[in-house]
Amino acid sequence: MQEKVKEKEIKGLLFDLDGVIVDTAKYHFLAWKKLADELNIDFTLQDNERLKGVSRMRSFEIVLEIGGVTMSEEEKEKNCAKKNDIYLEYINQLKAEEILPGVREFLTDARKNGYKIALGSASKNSRLIMEKLGIMDLFDEIIDGTVTSKAKPDPEVFQKGAEFLKLPYDSCIVFEDAAAGIEAAHNAGMLAVGIGTVENLPEADLLLPGFKNIVIEEILKKLQEVKND
Ligand code: B16
Ligand code: MG
């Protein structure tokens with residue numbers, strides 16, 4: 001039987017970046033699309049869904065699989081660097097207003113109420129993105145692709161998040177938009193709030209469309225209801 005969720009026991013909140021705090025997927029798409037065009041690979045928006053939450057190299061391998069193209073490790077590295085240069089052209093123009101609705105207010109309220117907050121993202125560009133959004137000061141710790149070696153669904157990123165916050169794993173909850181991220185949270189022994197729909201995230205403990213007009217206490221209450229049923 002699932003352990004009971006007590007509102008008071010949750011002290012840490014771990015946030016994925018792309019798809020939870022900001023929609024950078026559209027810029028990843030534009031960059032991958034440009035590279036795919038150069039390689040004569042037909043890459044669609046629907047294909048881009050498969051890259052969400054996935055590391056840069058694994059994303060490129062998926063693009064290559066779609067095109068039925070093989071490449072040496074060296075060539076793959078070169079193309080990943082090229083994609084990142086294109087991606088950074090977009091990210092350098094990112095505006096603070098692009099933060100997803102309600103996120104800034106949600107984080108501000110949670111901090112005010114004493115919750116510790118960490119980022120748990122696969123991106124190696126997370127600091128630049130957060131600086132552009134002006135939200136660095138709302139996070140206690142940043143765990144991203146520069147300090148992790150195993151991709152979600154491996155629990156490493158969220159376990160490190162809890163460790164950096166000096167909290168036990170089960171006193172943290174995760175906010176994620178990718179199925180692999182929900183699985184990573186569960187693998188870390190944490191509850192996972194999915195930002196999305198039941199079709200995309202059937203394993204999430206609770207689903208939310210986003211952070212507009214909701215505060216952490218309400219989410220913990222809902223989790224408690226769902227888990228203690
Ligand atoms: P980068 P998340 C992920 O961010 C993106 O969803 C995924 O599409 C991307 O490939 C990955 O970051 C790596 O990003 O190329 O910037 O290192 O959802 O884990 O915040
Ligand atoms: Mg994501």
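Residues numbered from 1 in each chain as written. Chains lettered and ligands numbered in written order. Predicted model: local features only at pLDDT ≥ 70, side-chain atom pairs only at ≥ 80, totals over all residues. Heavy atoms only, no water.

## Let's talk about the layout of surface pockets
Rolled over the atoms, a probe with the dimensions of a water molecule shows which regions are left empty. The condition is simple: The rule is simple: put a 1 Å grid over the protein atoms alone, call a set of points where a 1.4 Å probe fits but cannot get out a cavity, call an open set with protein on both sides within 12 Å along at least five of seven lines a pocket, and count a residue as lining if it has an atom within 4 Å of a point. Grid points are joined across faces, edges and corners, and a volume is the space filled by probe spheres set on the points. To qualify as a helix, a DSSP run of H or I must reach at least 4 residues; to qualify as a strand, a run of E must reach at least 2; elements of each kind are numbered from the N terminus. Each residue is assigned to one of three groups, with Ala, Val, Leu, Ile, Met, Phe, Trp, Tyr, Cys and Pro labelled nonpolar, Asp, Glu, Lys and Arg labelled charged, and all others, Gly among them, labelled polar.
One number sums up the size of the largest pocket: a volume of about 600 Å³. Along the walls of the largest pocket sit 32 residues, with Val54, Ser55, Arg56, Ala122 and Ser123 positioned nearest its centre. Among the secondary structure elements, those contributing two or more residues to the lining of the largest pocket are α1 (25–38), α3 (56–67) and α4 (73–91). With six residues, α4 is the largest single contributor of residues to the lining of the largest pocket. Partitioned by chemical class, the residues of the lining of the largest pocket number 11 nonpolar, 12 polar and nine charged. If you trace the second largest pocket, you find 17 residues lining it, with Glu49, Lys52, Asp177, Ala178 and Ala179 closest to the centre.

## So, the site of ligand 1
Selection criterion: Put simply, a residue is near a molecule or strand once any heavy atom of it comes within 4 Å of that molecule or strand. Pairing of N or O atoms within 3.5 Å defines a polar contact, subject to two protein rules: one partner must be a possible hydrogen donor and the other a possible acceptor, and residues neighboring in sequence count only if both atoms are side-chain atoms. Being in a pocket or cavity means that more than half of the molecule's atoms lie within 2 Å of its grid points.
In the vicinity of ligand 1, 18 residues are found, and the nearest of them are Asp18, Val54, Ser123, Lys124 and Asn125. Val54 places a main-chain nitrogen or oxygen 2.6 Å from an oxygen atom of ligand 1. At 2.6 Å from an oxygen atom of ligand 1 is found a main-chain nitrogen or oxygen belonging to Lys124. With respect to the detected pockets, ligand 1 is housed in the largest pocket. Residue composition of the shell around ligand 1, by class: five nonpolar, seven polar and six charged.

## Here's the deal with the nonpolar core
Inclusion rule: By nonpolar core is meant a set of buried Ala, Val, Leu, Ile, Met, Phe, Trp, Tyr and Cys residues that side-chain atoms within 4.5 Å join together. Throughout, exposure labels follow a simple rule: accessible area from a 1.4 Å probe, protein chains only, divided by the maximum for the residue type, with under 20% read as buried, over 50% as exposed, and the rest as partly exposed. Two residues qualify as a contact provided that any one of their heavy atoms is within 4.5 Å of a heavy atom in the partner residue.
Judged by nonpolar contacts, the single largest core of 41 residues is most densely connected at Phe15, Ile21 and Phe175. Those residues in contact with Ile21 that sit more than four places away from it in its chain are Phe15, Asp16, Ile99, Leu100, Val103, Leu119, Leu133, Ile135 and Phe139. Judged by nonpolar contacts, the second largest core, of 18 residues, contains Leu167, Ala184, Ala185 and Ala192.

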